[in-house]
Amino acid sequence: SFIGEESVAAGEGSILTDNPTWIIDPIDGTTNFVHRFPFVAVSIGFVVNKKIEFGIVYSCVEDKMYTARKGKGAFCNGQKLQVSGQEDITKSLLVTELGSNRDPETIRIILSNMERLLSIPIHG
């Protein structure tokens, strides 16, 4: 099976089944692309039985290839990635995406979540 982000965004229905399924977003960061902001990637995932098996993200502008496989770790241009190990959230940097849906209920949920996140004494 195949699920394409651009077709789903255009209103086509999509159902994830147990079948082996490719999930592809050919312009991940479409809004960034439109505004010439350089954080754009091609994202590909492969799912079997509704569980991700592997994923590939190619950051075009940076020329970086991120890969990950279930149980095998994640890599950037072939070098293994590691999480920081920081367990104290107050010493962490929080990054979030607000999305493009401007439905009033969605905005209310996003702002409520942001309020909870901003109440944590994080670095930034």
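Residues numbered from 1 in each chain as written. Predicted model: local features only at pLDDT ≥ 70, side-chain atom pairs only at ≥ 80, totals over all residues. Heavy atoms only, no water.

The name given to the chain in an unreviewed UniProt entry is inositol-phosphate phosphatase, and the organism recorded there is Pomatorhinus ruficollis. Under the UniProt heading Cofactor (unreviewed entry), the entry covering the chain gives this text: "Mg(2+)". In UniProt, the chain has this text filed under Sequence similarities (unreviewed entry): "Belongs to the inositol monophosphatase superfamily." (UniProt positions renumbered as here; feature names shortened; annotations may be inferred.)

Asker: For the packing of aromatic side chains, give the residues involved together with the corresponding values.
Answerer: One pass over the structure, following the stated rule, counts four aromatic pairs. Considering the side-chain rings of Trp 22 and Phe 46, the 4.7 Å spacing of their centres and the 55° angle between planes classify their relative orientation as tilted. One end of the pair, Trp 22, is in strand β2 (residues 21–28); the other, Phe 46, is in strand β3 (residues 41–48), with 24 residues separating them in the sequence. According to the relative accessible area criterion, Phe 46 is buried, its value standing at 16%. Linked through ring pairs, Trp 22, Phe 46 and Phe 54 together constitute an aromatic cluster. (Phe/Tyr/Trp six-rings, centres within 6.5 Å; stacked < 30°, edge-to-face > 60°. Helix = DSSP H or I, 4+ residues; strand = E, 2+ residues; numbered from the N terminus. Buried < 20%, exposed > 50% of the residue type's maximum accessible area, 1.4 Å probe, protein only.)

Asker: Kindly report on unusual backbone geometry, identifying the contributing residues and their values.
Answerer: The phi dihedral of Asn 49 is positive, around 55°, even though this residue is not glycine. With respect to the helices, strands and loops of the structure, Asn 49 is situated in the loop between β3 and β4 (51–59). By relative accessible area, Asn 49 is classed as partly exposed at 46%. The phi torsion at Asp 63 lies on the positive side, around 55°, for a residue other than glycine. Within the secondary structure layout, Asp 63 lies in the loop between β4 and β5 (64–69).

Asker: Summarise the sheet that holds strand β6 (residues 73–76); cite the residues concerned and give the values.
Answerer: As summarised here, the arrangement of the seven strands in space is β1-β2-β3-β4-β5-β6-β7, forming an open sheet in which the pairing is mixed. Of all the strands in the sheet, the pair left with one neighbour each is β1 (2–4) and β7 (79–80). In this sheet, β5 lies alongside β4 in antiparallel orientation, the contact comprising six bridges. Paired with Val 57 across the bridge in β5 is Tyr 66. (Pairing = 2+ DSSP bridges.)

Asker: Describe the pattern of salt bridges, and please don't skip the residues or the numbers.
Answerer: Pairs can form between side chains of opposite charge once their charged atoms are near each other. A full pass over the atoms with the stated rule returns one salt bridge. Between Arg 108 and Glu 105 there is a salt bridge; the shortest N-O distance is 2.7 Å. One end of the pair, Arg 108, and the other, Glu 105, are both in helix α3 (residues 104–118), three residues apart, so they sit about a helical turn from each other. Under the relative-accessibility criterion, Arg 108 is labelled partly exposed at 49%. (Salt bridge = Lys/Arg side-chain N within 4 Å of Asp/Glu carboxyl O.)

Asker: So, the environment of Ile 89: which residues are in play, and what are the values?
Answerer: Residue position: Ile 89 is located in the loop between β7 and α3. For the pair Ile 89 and His 123, spaced 34 residues apart in the sequence, the C-alpha separation amounts to 8.6 Å. If sequence neighbours within four positions are ignored, Ile 89 has contacts with Ile 120 and Ile 122. (Contact = heavy atoms within 4.5 Å.)

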